[in-house]
Amino acid sequence: MKRKLSFLSMFFLLFIFASFLLSCCSVNNNLPPLTGLDKFRMEVLNELNFARTQPKKYAETVLQPRLPYFNGNTYSVPGQIPIITHEGAGAVTECINELNSTSAIEKLSIEKGLNLSAQWLADDQARTGQMGHTGSDGSNLSTRINRYGKWSYCCAENCAYGTKTAREIVAQLLIDDGVSSRGHRKNILNPKLEKVGIGYNDKNNAPYGAVTVQDFAGDYVSY
């Protein structure tokens, strides 16, 4: 009799455990799938972190191969529309040299509130066709990121236009062609900036066909 009860008890416990596993699986299966924008944000985040954590490798594998495609100020990759740059290969070479002398820094982590603020500006500029860091409502970076959370230490914003892939967006901002301060590059490589949000819109009146916004903060707590 004792053996029979022991067997039944074991069977019951196994049944409960199996039910628990199935329950967990069903909960996970009900999680909302990543949207196309979510996936794009992760691609941009990974590209930013590639440059931050492996700057020398980024210079070697992403930027160095671009140099042969310059003819003066024209950057022309076979099969793509030629781009007239301000500085030509010089800006790329300068960026390569800086990355080669830059130490690895910590990865950025993505933050919901910063995503919302960056997306607001991307959508605003796609609607109005305007560029820059001032919204059509007169808002600046600090105003916008304070709508969705609380930032501290420092904050910064990058805007890229025309590029539609994570690699091209980040490379454009790192090279910072025509921007004498190299402010976009400095933001990406700033170790004090640890949180980021990403917005993107390629519809309607988006300047040059696409706008990407990156909002950074030293620290940030989303509402």
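Residues numbered from 1 in each chain as written. Predicted model: local features only at pLDDT ≥ 70, side-chain atom pairs only at ≥ 80, totals over all residues. Heavy atoms only, no water.

### Some points on the layout of surface pockets
Then, in step 1: Roughly 1100 Å³ of internal volume is contained in the largest pocket.
Then, in step 2: Lining the largest pocket are 34 residues, with Ile83, Thr85, Tyr161, Thr163 and Gln172 positioned closest to its centre.
Then, in step 3: Sorting the residues of the lining of the largest pocket by element identifies α3 (55-63), β3 (83-84), α4 (89-100), β5 (149-161) and α7 (166-175) as the ones contributing at least two each.
Then, in step 4: With five residues, α7 is the largest single contributor of residues to the lining of the largest pocket.
Then, in step 5: Each residue belonging to the lining of the largest pocket can be placed in one class, and the counts come to 20 nonpolar, nine polar and five charged. (1 Å grid on protein atoms, 1.4 Å probe; cavity = no way out; pocket = protein on both sides within 12 Å on 5 of 7 lines; lining within 4 Å. Points joined across faces, edges and corners; volume = space filled by probe spheres on them. Helix = DSSP H or I, 4+ residues; strand = E, 2+ residues; numbered from the N terminus. Nonpolar A, V, L, I, M, F, W, Y, C, P; charged D, E, K, R; others polar.)

### Overview of the pattern of salt bridges
Then, in step 1: Scanning the entire structure with this criterion turns up 13 salt bridges.
Then, in step 2: Among the ionic pairs, Arg66 bridges to Glu168, the shortest N-O distance being 2.9 Å. Of the two residues, Arg66 sits in the loop between α3 and β1 (70-71) while Glu168 sits in helix α7, which places them 102 residues apart along the sequence.
Then, in step 3: Note on Arg66: relative accessible area 8%, which makes it buried.
Then, in step 4: For the salt bridge of Glu87 with Arg182, the shortest nitrogen-to-oxygen distance reads 2.8 Å. Taken together, the residues Glu87 in the loop between β3 and α4 and Arg182 in the loop between α7 and α8 (183-188) connect sequence positions 95 residues apart.
Then, in step 5: Overall, the relative accessible area of 31% leaves Glu87 in the partly exposed class.
Then, in step 6: Several salt bridges converge on common partners, so that one network encompasses Glu87, Glu94, Glu98, Arg182 and Arg185. (Salt bridge = Lys/Arg side-chain N within 4 Å of Asp/Glu carboxyl O. Buried < 20%, exposed > 50% of the residue type's maximum accessible area, 1.4 Å probe, protein only.)

### Quick notes on unusual backbone geometry
Then, in step 1: Of note in the backbone geometry, Tyr153 takes a positive phi value of approximately 75° without being a glycine.
Then, in step 2: With respect to the helices, strands and loops of the structure, Tyr153 is situated in strand β5.

### A look at the sheet that holds strand β6 (residues 195-201)
Note on sheets: strands pair through backbone hydrogen bonds, and any given pair is parallel or antiparallel.
Then, in step 1: The mixed open sheet is built from four strands, whose spatial order is β4-β6-β7-β5. In this open sheet, the two edge strands, each paired with only one partner strand, are β4 (109-110) and β5.
Then, in step 2: Across two bridges, the pairing between β4 and β6 is parallel. Across the sheet, residue Ser109 finds its bridge partner in β6, namely Lys195.
Then, in step 3: Of the strands in this sheet, β4, β6 and β7 (211-222) touch helix α2 (residues 36-53), which is tilted by about 130° from β6. (Pairing = 2+ DSSP bridges. Contact = heavy atoms within 4.5 Å. Axes fitted to C-alpha atoms, helices over the stretch in contact; angles between N-to-C directions.)

### Re helix α5 (residues 112-128)
Three- or four-residue spacings in an α-helix give side chains the same orientation, since the helix completes a turn every 3.6 residues.
Then, in step 1: Taking 1.5 Å as the rise per residue, α5 with 17 residues should run 24 Å; its terminal C-alpha atoms sit 24 Å apart, in good agreement.
Then, in step 2: For α5, the full list of buried residues reads Gly113, Leu114, Asn115, Ser117, Ala118, Gln119, Leu121, Ala122, Asp124, Gln125 and Ala126.
Then, in step 3: Buried residues along α5 sit in contact with α2, β4, α6 (141-148), β5, β6 and β7.
Then, in step 4: Note on α5: the residue one or two positions beyond its end, Gly129, has a positive phi of about 80°. (Expected span 1.5 Å × (residues − 1).)

### Examining the pairing of β7
Then, in step 1: By the criterion of burial, β7 is predominantly enclosed, with nine of the 12 residues buried.
Then, in step 2: In terms of strand pairing, β5 meets β7 through 11 bridges, oriented antiparallel. Pairing of Cys159 across the sheet is with Val213, part of β7.
Then, in step 3: Bridge count for β6 against β7 is seven bridges, and the pairing is antiparallel. Looking at the pairing, Val196 lines up with Phe216 of β7.

### What about the nonpolar core?
Then, in step 1: Membership of the largest hydrophobic core comes to 36 residues, with the highest contact counts inside it found for Tyr58, Leu63 and Leu174.
Then, in step 2: Elements that contribute at least two residues to this core include exactly α2, α3, α4, β5, α7 and β6.
Then, in step 3: In terms of residue count, α7 provides more of this core than any other element does, seven residues in total.
Then, in step 4: Once residues lying within four places of it in the same chain are set aside, the contact partners of Leu63 are Tyr58, Val92, Cys95, Ile96, Leu99, Ala171 and Ile175.
Then, in step 5: Ala122, Ala126, Cys159 and Val213 belong to the second-largest nonpolar core, a separate cluster that totals nine residues. (Core = buried A, V, L, I, M, F, W, Y, C linked by side-chain atoms within 4.5 Å.)

### A word on the confidence of the model for the protein chain
Interpreting fine coordinate detail is not advised for predicted regions of low pLDDT.
Then, in step 1: Across the protein chain, the average pLDDT comes to 90, with 85% of residues at 70 or higher.
Then, in step 2: Here residues 1-5 is modelled with pLDDT under 50, and outside its nearest four sequence neighbours on either side it reaches zero contacts, counting other chains as well.
Then, in step 3: For the stretch residues 11-29, pLDDT sits under 50, and the model shows zero contacts to residues farther than four places along the chain or on other chains. (pLDDT = per-residue confidence, 0-100.)

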